[in-house]
Amino acid sequence: MPTHLEVNGQARETENDPAIPLAVYLREELELRGTKIGCGNGECGACTVVMDGRAVCSCLVPLGRTEGRRIETIESLGDLNNLHPIQRKLVERGAFQCGFCTPGIVMSLIALLRRNPRPDDAKIRTALQGNLCRCSGYVKLLEAIGEIVREGLHER
Amino acid sequence: MNAEFRTIGKPRPQLEGPAKVSGRAQYTHDLTLPNMLHGAILRSPHPHARIRSVDLSRARAMPGVVAAVCGTDFPDLKYVNAGPAFADRFAMARDKVRFTGEEVAAVAAQTPVQAQVALAAITVDYEILPAVYDVETALTPDAPAIHEKSDLPRNVAQESIADFDGVEQAFGDAAHIFDATFEHGIVAPICLETNGVLADYDTETGDLTLWAPSQAPFFVRKEIAHVMDLPLEKVHAKSVVIGGGFGGKSQSPEPIAIAAFLSITTGRPVKILLNRQEEFLSGKSDHAKKMRVRSAVAADGTILGRHTEFWVDNGAYTHMGPAYISAVRQRTCNLYRVGAAGFDGKLVHTNKVSGGSYRGMGSPQIIWAIETQIDEIAERLGKDKLEYRIEIANRPGDRTPQGWEIGTCALAECLEEAGRRIGWAEKKDAMPPNRGIGFAAMINPSVGVLYAEGNFACVSIDLLEDGRLKVGTQSADCGTSQNTVMGQFVAEELGLDADVIDVLHMDTDETPPDLGSAASRVTFVSGNAAIKTAKSFRAEIASRLASHWDVPADEIDFTDGIASYKDDNARRLTLAEIAALEGPFRVEDRYDIDIPRPDPKTGYGHYAATYGFGAQAVELEVDPATGQVTVHKIVVVQDIGRVINPLALEGQMQGGIVQGIGMALREELVFNDGVPVNASLITYKAPRIQDTPEIDIAFIETDDPTGPYGAKAGGEHSINPTPAAIANALAQATGTRFRKLPIKASDILQATAVKPSPDLKPWKRPYNLEVASARALYPAILYPGLRKLGGKLGRKPAAKTEYDYIRPKNLQEALRALAAQDRKAKVMAGGTDLQVGLRQGVYDADTLVDIADLEELRGIAIAADKVIVGAATTIAEITERDDIRAIHPMLTEGLSRIATAQIRNVATIAGDLSQEKRCWFFRSGAQCYKAGGMTCPCYAVLGDNRHHSILGAGRCAAPCVADAAPILTALDAVVVVAGAGGERRIPMQDFYIWSGKTRVAENEIIRAIEIPRDHVPVSQRFEKVAGWDGDFADASVAVNLSWDGPKLAAARISLGAVAPLPVRATRTEAALLADGLSDTAIEAAAGLTVEGALPLSDNAYKARLLVNLTERAIKNSLPE
Ligand code: FES
Ligand code: FES
């Protein structure tokens, strides 16, 4: 039975095995490789995408469950030469280093800011607790997010 | 301050930033080639065994499989790693395996799943050998020999002994002798990107091309050419984006050679990606070690001499061990002024994963040991601990007893500034209880020449057609911005804007040789090379234009990207114009550190161009009820020479410091019979965003004459003093010195308890007698016996990689699917545990019945007498409901402590209740009582049982860690279960049979949870203690009080994570009702929770924790 879903605004139909993780479908069938896999077990958040407005680990969502759902991945934001203001801020503020965690962090952040455009520090930390970053120590990330919130960048 | 510079000293975002943040950067995981195969590796299940035979025939016949290989197929060559003298490992095990997880065979197949499935079809015949897991046992004369041939004592891989004169004398002259032993476990690098490789062998040309996230393509190429028996020039490493290094990707990780060989065998590209568990099992982590530090101190505090003995766990094979030994011995007597130095270090084989390298290479821990002792010296001599450090700080012009000649050095200033910034003078005499401030310092060579190849670097600069420049370096940027910094050096030297420069790293065809990124060397060595090359580039332009313009080259000026001759407007060219005139060209140059290498035997010598210094100050607070530590602030003051890119450098400092927090308080691999049982990012507790404190960074610039623009090295400096400063702050906060890292909350709680340990009265549970006698028999009789028996008769847990998935339309259809006889179906709601557990072999199913979206199971209804929560309602949906919060605040608040936002968004309330037990032996595939059956042992009895039950454990000691369990028990909830014959209702009180085992039958589905509401005033509280915020609990308490006016009418208290079932604390409840709610009554009532407890060897802390937590929960639940 095919699965019908929407990925980054585009309707998709796939005959792929409904048991495979959404992350694998995105990366291998759609070649949307911005979504990273750091553990495959829901532990690191590198695979975070937005599903019907909520941040989820795409490594733990079976493809079949995306039937009728809306998925947004990092590729739905800016591209290389036209970054989303949030992305630009993260770059300018040195909010990440190796960048492997970054697409997942951006998607967690998008989901947070859509529901709560003015989160305080505690809410930001709660929303990102599932996104492991080994490089940055999170300091510059928190600073950058503070500026994103103050400047209302996600609304642009 | 840096007004005279164009780009040096300016914050420059990293060059690769836009590609990374937009998801467009190409990591190894993201690469594909036409015709590519996927490789998978079969790993040894035994820590030590002889391989009698490997049968690949069945695997070769499996669908999609193109090749299957084992060790004897590979060339008969060993990795050279630390030099031929240490070569002890084949690219794949040939005759013997020496640790669990060692590579035994590999397959290449069309898809990753086919490759995985084919592994199960390989049969290996092992002869199991006795194994040894710790250094002490390995050194005993009758320990099994892990490697046969050696001139050294049994299992010793290397000895490093030195006494640079005067140590004995120093101890003879000393007024005080300090002597203590310190120990630490193995820390894992945890790169978010696991190791992987894409290898492509061209059968026609014989060229092997590799894409792999390596810190050192130079090493990879050398090793792979060697073990594949190919000429060096036939091996090519290509540029990729790297997802973190920290030492974890140094040398040549094993998958590279295996993928290379599979590609050579098949003539097709082969990609291998390690999964997270493999990364823990086989990826090289840090080394563990034990250190005995003895210091001889004069009456005035002068350190006359120090002798350090250290024993390093090398693991099964020698990789970074010798480099580690040399890094550690060099930290023993160089920091602070020490008179005489001596050490005795041993590198010892055990049957564990080989030691690799991790940020700091053992320095943070040896510094921790020394700095602990410095604190103790200051205490004994009645000196202020900061002033004493300043007194004994290294000064410019010093020569250390290990031969380091100190050039620029601002250590004293760093210490002073750190003291000022943490407010030491104001705070030291007014420290509130449970708070502490600690100091520590560091010294690091910049850059040490540990390898013969390490003292040079080459850089190329290409002038491209459009006038842009491409800087080429074989070092590898793992995310540290070193490419950006290299670009800055070239830009500065040539007077260009940094954004006209691109940097290509790693590529061994396109860029000139360089050792790679290790030991914080790139800024310094490669940076100097970049500057030198830029100078040559400038000279090249001049010489080329000199002939065009017919003027002397030395009169040609090159500023702001324009070459000109005097004021002659006809002789003025931009880089683009030069490129048009001359065509693109390349300039390469090389920088050598011109100093002798240290004595290889002892490390003696002035072997670095200069040395970096720094000091850190930490302020923290301990929660005396739980032992948990809150780090409030870390100050770091670093003598860094000159700051090239503050944005990048601050990022390095912050990242390293937060890793240091993990190293100090939480991180270590926990082994059971040589297998890490915490091989997941839940149980291996790397710091998360909630753990990040305020970090205050200051740089003292000393403008080092040897460094590029005066810079010193930077990358590892950050982590080096952090664990020490934390430990010293903890000592002040708790009055206890801890001599083992990490210093866990449980250790702190046990060491610092103000109250006597709770009275457990184990006889209150008669069954305890039986349990206690069985445990007493475990070491000698039961454990060895059951392991043998279970090995023969027990069920073997089997990982599932493939299963069917169905999505029923309604509950009836779901129940029918479960009833089907021809398959083993299992209900899946959120699936956050089930899908993982299938791979861990803790569930068995061939079909998952996804009920997450079934209308009948979803939603929340608030009735007059109860709240009804659909079983498949997600945790997030519940916690977001204000109406539930108004009725049962504990439910929303308690559930919001479960896991992380992403998990709460899909995990369901019924799923939380139904998850399998979290015992780390069970979850790591041990054939334990619960996995293998009656004939198997419980590994928790003798293994590390810090997370296990203290109450009511029987043959299995796994606790119930579902947070919803104690909460719903305290709320007196009822679980409504649907089956073929209709519905039944199970009170929470009776819901569990054992940890992870409920009364819901395989063919039943939980439909809803009903939570009564009484319309009387209630007050509730859920308290939980866990390793990190979102982790599974070590103890939790749910308190639900009902009030009749000011009088307590009813109390329901339930305890989580301390017993296999959620335990009702009935005696505590009764005591509260009978004795009232005074502080002493609450304290006494809380003490009753642990009556009848029978802790295991490592979890006695839980009794104390439970009592304290209960007391806190009751107090916090009382209405204002
Ligand atoms: S890859 Fe999904 S959480 Fe780690
Ligand atoms: S930037 Fe490397 S893991 Fe976050």
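Remember, it's a predicted structure, so these values are computed and weren't measured experimentally.

Asks: Could you clarify how one ought to interpret the overall build of chain B in this entry?
Replies: The secondary structure content of chain B amounts to 33 helices and 43 strands. Judged by the C-alpha coordinates and their principal axes, chain B covers about 100 × 75 × 65 Å. The buried share among the 1120 residues of chain B stands at 65%. Expressed as a percentage of contacts within chain B between residues at least 6 apart in sequence, the contacts between residues at least 24 apart total 76%. On chain B, roughly 38200 Å² of surface is accessible, and the fraction owed to carbon and sulfur atoms is 51%. Computing the positive centroid from 118 side-chain charges and the negative centroid from 142, chain B places the two 6 Å apart.

Asks: So what exactly am I meant to see when it comes to the sheet that holds strand β11 (residues 235-238) of chain B here?
Replies: To summarise the sheet geometry, strands pair through backbone hydrogen bonds and adopt either a parallel or an antiparallel arrangement. All names here are of chain B. One open sheet holds the seven strands; their spatial order is β3-β5-β1-β12-β9-β10-β11, and the pairing between them is mixed. A single partner strand is all that each edge strand has here, and the edge strands are β3 (65-70) and β11. Ignoring which end each strand starts from, the neighbouring axes of this sheet average 25 degrees apart. Bridging between strand β9 (residues 196-202) and strand β12 (residues 270-273) involves four bridges; their strand directions are antiparallel. Bridge assignment links L198 to a residue of β12, and that residue is K271. Sheet strands touched by helix α7 (residues 254-266): β1 (37-43), β3, β5 (103-109), β9, β10 (207-211) and β12. Its angle to β9, the strand with the most contacts, is close to 30 degrees.

Asks: I'm lost on the interface of chain A and chain B in this one. Help?
Replies: Many authors give the size of an interface as the accessible area that is lost as the parts come together. Contact with chain A, which involves 67 residues of that partner, is made by 77 residues of chain B. Carbon and sulfur atoms make up 55% of the area that chain A and chain B hide from each other, which totals about 5900 Å². In terms of surface lost to chain B, no three residues of chain A exceed A:R65, A:Q129 and A:R134, which account for 16% of the buried area on that side. Along the contact surface separating chain A from chain B lie eight salt bridges. For the salt bridge of A:K36 with B:D30, the shortest nitrogen-to-oxygen distance reads 2.5 Å. Seen at the junction of chain A and chain B, the total is 46 residue pairs in polar contact (both at pLDDT 80 or more). Those elements that provide at least two residues to the side of chain A that touches chain B are β4 (54-57), α2 (85-92), α3 (102-115), α4 (121-128) and α5 (139-150) of chain A. Per-element accounting of the side of chain A that touches chain B gives the leading share, five residues, to α3(A). Its residues placed into classes, the side of chain A that touches chain B shows 30 nonpolar, 21 polar and 16 charged.

Asks: Please explain the packing of aromatic side chains as it appears in this structure.
Replies: Two aromatic rings are characterised by how far apart their centres lie and by the angle between their planes. All names here are of chain B. Per the stated rule, a full pass over the model turns up 18 aromatic pairs over all chains. Here F164 and F343 contribute two aromatic rings whose centre-to-centre distance is 6.0 Å and whose plane-to-plane angle is 70 degrees, an arrangement assigned as edge-to-face. Taken as a pair, F164 in the loop between β7 (156-163) and α5 (167-173) and F343 in strand β15 (residues 338-349) lie far apart in primary sequence, 179 residues in all. Here F164 matches F343 in class, with each residue buried. Summarising the aromatic geometry, the rings of F310 and F343 are spaced 6.5 Å apart at their centres and angled 45 degrees between planes, so their arrangement reads as tilted. On the criterion of sequence distance, the pair formed by F310 in strand β14 (residues 303-315) and F343 in strand β15 is long-range, its members being 33 residues apart. The same class applies to F310 as to F343, namely buried.

Asks: Which parts of the structure should I look at to understand the domain arrangement of chain B?
Replies: All names here are of chain B. Once the domains are mapped, chain B shows domain 1 (31-129 + 192-244 + 249-282), domain 2 (288-449 + 599-752), domain 3 (456-592) and domain 4 (762-1117). Between domain 1 and domain 2, the C-alpha centre-to-centre distance is 36 Å. Taken together, the contact pairs 20 residues of domain 1 with 22 residues of domain 2. Buried surface at the junction of domain 1 and domain 2, summed over both partners, amounts to about 1800 Å²; 63% is from carbon and sulfur atoms. Remark: the boundary between domain 1 and domain 2 carries zero salt bridges. Viewed at the interface, domain 2 and domain 1 are joined by eight residue pairs in polar contact (both at pLDDT 80 or more). Among the elements that line the side of domain 1 that touches domain 2, the one with the most residues is helix α8 (residues 276-282), at five residues. In terms of residue class, the side of domain 1 that touches domain 2 is built from six nonpolar, seven polar and seven charged.

Asks: Whenever I open this one, the nonpolar core confuses me. Can you help?
Replies: Inside soluble globular proteins, nonpolar side chains tend to come together where they are buried. Counting 95 residues, the largest nonpolar core has B:L411, B:L415 and B:L620 as its most contacted members. Per element, the largest residue contribution to this core is nine residues, and it comes from helix α10 (residues 363-381) of chain B. Once you skip the residues sitting within four places of it in the chain, B:L620 turns out to touch B:N434, B:R435, B:G436, B:V629, B:T630, B:V631, B:H632, B:I726, B:A729, B:L730 and B:A733. Counting 61 residues, the second largest nonpolar core, distinct from the first, contains A:A55, A:L83, A:A144 and B:A188.

Asks: Where do I start with the pattern of salt bridges in this structure?
Replies: Working definition: two side chains of opposite charge can pair if their charged atoms are close together. Per the stated rule, a full pass over the model turns up 93 salt bridges over all chains. Linked through salt bridges whose partners overlap, the residues forming this network are B:R43, B:R89, B:E103, B:E254, B:E278 and B:K284.

Asks: Explanation requested: the packing of helix α31 (residues 1066-1075) of chain B against helix α32 (residues 1079-1087) of chain B in the structure shown.
Replies: What describes two packed helices is the angle between their axes and the distance between those same axes. All names here are of chain B. For the pair α31 and α32, the least separation of the axes is 8 Å and the interaxial angle reads 160 degrees. Taken as axis vectors, α31 and α32 run roughly antiparallel relative to one another. Judged by the sense of rotation from one axis to the other, the crossing of α31 with α32 is right-handed. Within the contact between the two elements, α31 uses T1068, A1071, L1072 and D1075 and α32 uses A1081, I1082, A1085 and A1086. Taken together, the residues of the contact of α31 with α32 break down into six nonpolar, one polar and one charged.

Asks: What is the right way to read the packing of α32(B) against helix α33 (residues 1101-1117) of chain B from this model?
Replies: Residue and element names in this part refer to chain B. α33 packs onto α32 with a crossing angle of 135 degrees between their chain directions and a minimal axis gap of 8 Å. Taken together, the axes of α32 and α33 lie oblique to each other. As α32 packs across α33, the resulting crossing turns out to be right-handed. Residues D1079, I1082, E1083, A1086 and G1087 of α32 form the contact with α33, whose participating residues are V1107, T1110, E1111, I1114 and K1115. Looking at side-chain class alone, the contact of α32 with α33 contains four nonpolar, two polar and four charged residues.

So, how was this worked out
- Residues numbered from 1 in each chain as written.
- Chains lettered and ligands numbered in written order.
- Predicted model: local features only at pLDDT ≥ 70, side-chain atom pairs only at ≥ 80, totals over all residues.
- Heavy atoms only, no water.
- Helix = DSSP H or I, 4+ residues; strand = E, 2+ residues; numbered from the N terminus.
- Buried < 20%, exposed > 50% of the residue type's maximum accessible area, 1.4 Å probe, protein only.
- Contact = heavy atoms within 4.5 Å.
- Areas by Shrake-Rupley, 256 points an atom, 1.4 Å probe, with all protein chains shown as cover.
- Lys, Arg positive; Asp, Glu negative; His and termini not counted.
- Charge placed at Lys NZ, Arg CZ, Asp CG, Glu CD.
- Pairing = 2+ DSSP bridges.
- Axes fitted to C-alpha atoms, helices over the stretch in contact; angles between N-to-C directions.
- Buried area = accessible area lost by both parts, 1.4 Å probe.
- Salt bridge = Lys/Arg side-chain N within 4 Å of Asp/Glu carboxyl O.
- Polar contact = N/O pair within 3.5 Å; in protein donor to acceptor, adjacent residues only side chain to side chain.
- Nonpolar A, V, L, I, M, F, W, Y, C, P; charged D, E, K, R; others polar.
- Phe/Tyr/Trp six-rings, centres within 6.5 Å; stacked < 30°, edge-to-face > 60°.
- Domains from an automatic or database assignment.
- Core = buried A, V, L, I, M, F, W, Y, C linked by side-chain atoms within 4.5 Å.
- Parallel < 35°, antiparallel > 145°, perpendicular 65-115°, else oblique.
- Left-handed = near helix turned anticlockwise from the far one by under 90°.

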